[in-house]
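# Report on the structure
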Amino acid sequence: MDRASEAEKVKLEHDAAKLFLRSYEKQFAVHMRHIWHNEPNKPDVSCYQGKTQLDIEIAHFYASEKEAMAVLGRPLSLSTQRELAAMSQAADSDQLSIGLQRLLNQKAKKHYDSQRVWLLIRNASPIYHLDDFKRLKATWEIPDCHPFEQVWVLCDFYHGDLLRLF
């Protein structure tokens, strides 16, 4: 990944973490501060939840290849392109369901050098909103073996609509 792509990725992660921390703090009255970025083998960002360190792995959800290219700023793997092509043939709710399940399965395979890791999925698609995620929440299966203490969806790219999946 070139420096421009890496800088874009870090900015997206930082913006997602900042929005999540503000939203979580507002919703649960828990002090969340001091975001810093990590190197590989650690989740994307770390912060303090009160006085306890919390690491957060951040993933961006997208509904199409065009959106993914815009959000991630890099080429997609062949397998991701195939999955996105299949999603484009499905109904809207199926696209969301299939895409989020794919993302959950992919992230569940990761391992981190960390005591506490949360997964934050930031919806980067303008097609889906909080009500869509709420409606389909019961259909997603968190894989049995995963490294996450909690899994959250930031349901809007710009607003702090939070939904806890696990």
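Preceding this paragraph is the structure being described.
Let me sum up the structure you'll find in this document. The numbers attached to residues start from 1 for each chain and follow its sequence in the written order. At least 70 in pLDDT is required for a residue's local features to be given in this predicted model, at least 80 for side-chain atom pairs to be given and counted, and no such filter applies to totals for whole chains, interfaces and linings, which use all residues. To get the side-chain values, all heavy atoms of the structure are used, and hydrogens and water are removed first.

## Describing the overall build of the protein chain
Stated formally: Comment: elements are numbered from the N terminus, with helices defined as DSSP H or I runs of at least four residues and strands as E runs of at least two. Between buried and exposed lies partly exposed: a residue is buried under 20% and exposed over 50% of the maximum accessible area for its type, with that area taken using a 1.4 Å probe on protein chains only. Residues are treated as being in contact if the distance between any of their heavy atoms lies within 4.5 Å. The accessible surface values rely on the Shrake-Rupley method and a 1.4 Å probe; as for residues, cover is taken only from the protein chains in view.
A count of helices and strands for the protein chain gives 5 helices and 6 strands. Taking all 166 residues of the protein chain together, the buried fraction comes to 48%. Long-range pairs, those at least 24 residues apart, make up 62% of the contacts in the protein chain with a sequence separation of at least 6. Of the roughly 9,200 Å² of accessible surface on the protein chain, 51% is carried by carbon and sulfur atoms.

## Some words on the environment of Val10
One can find Val10 in helix 1 (residues 3-28). Classification of Val10 by relative accessible area gives partly exposed; the value is 27%.

## Quick notes on the nonpolar core
Threshold: Take the buried Ala, Val, Leu, Ile, Met, Phe, Trp, Tyr and Cys residues and link them wherever side-chain atoms come within 4.5 Å; each set so joined is a nonpolar core.
One finds Leu100, Leu104, Ile121, Phe133, Trp140 and Leu165 to be the most contacted residues of the largest nonpolar core, which totals 22 residues. Those elements that provide at least two residues to this core are strand 3 (52-61), helix 4 (92-108), strand 4 (117-123), helix 5 (130-136) and strand 5 (150-154). The biggest single contributor to this core is helix 4, with 4 residues. By size, the runner-up hydrophobic cluster in this structure holds 17 residues, among which are Ala16, Leu21, Met32 and Ile58.

## Looking at the sheet that holds strand 1 (residues 32-37)
Counted only if it meets this: At least two bridges found by DSSP between two strands is the condition for calling them paired. Working convention: axes come from line fits to C-alpha atoms, limited for helices to the stretch in contact. Angles between N-to-C directions cover 0 to 180 degrees.
The strand order 1-2-3-4-5-6 describes an open sheet built from 6 strands, whose pairing is mixed. A strand with exactly one partner marks an edge of an open sheet, and here the two such strands are strand 1 and strand 6 (162-164). The mean angle between the axes of side-by-side strands here comes to 30°, regardless of whether they run parallel or antiparallel. Here strand 2 (residues 45-49) runs beside strand 3; their pairing, made up of 5 bridges, is antiparallel. Residue pairing in the sheet places Val45 in a bridge with Ile56 of strand 3. Of the strands in this sheet, strand 1, strand 2, strand 3, strand 4, strand 5 and strand 6 touch helix 1, which is tilted by about 165° from strand 1.

## Examining unusual backbone geometry
Notably, Ala29 is not glycine yet its phi reads approximately 55°, a positive angle. Tracing the sequence through the fold places Ala29 in the loop between helix 1 and strand 1. Taking relative accessible area as the criterion, Ala29 reaches 74% and is therefore assigned exposed. A positive phi angle, close to 60°, is found at His34, a residue other than glycine.

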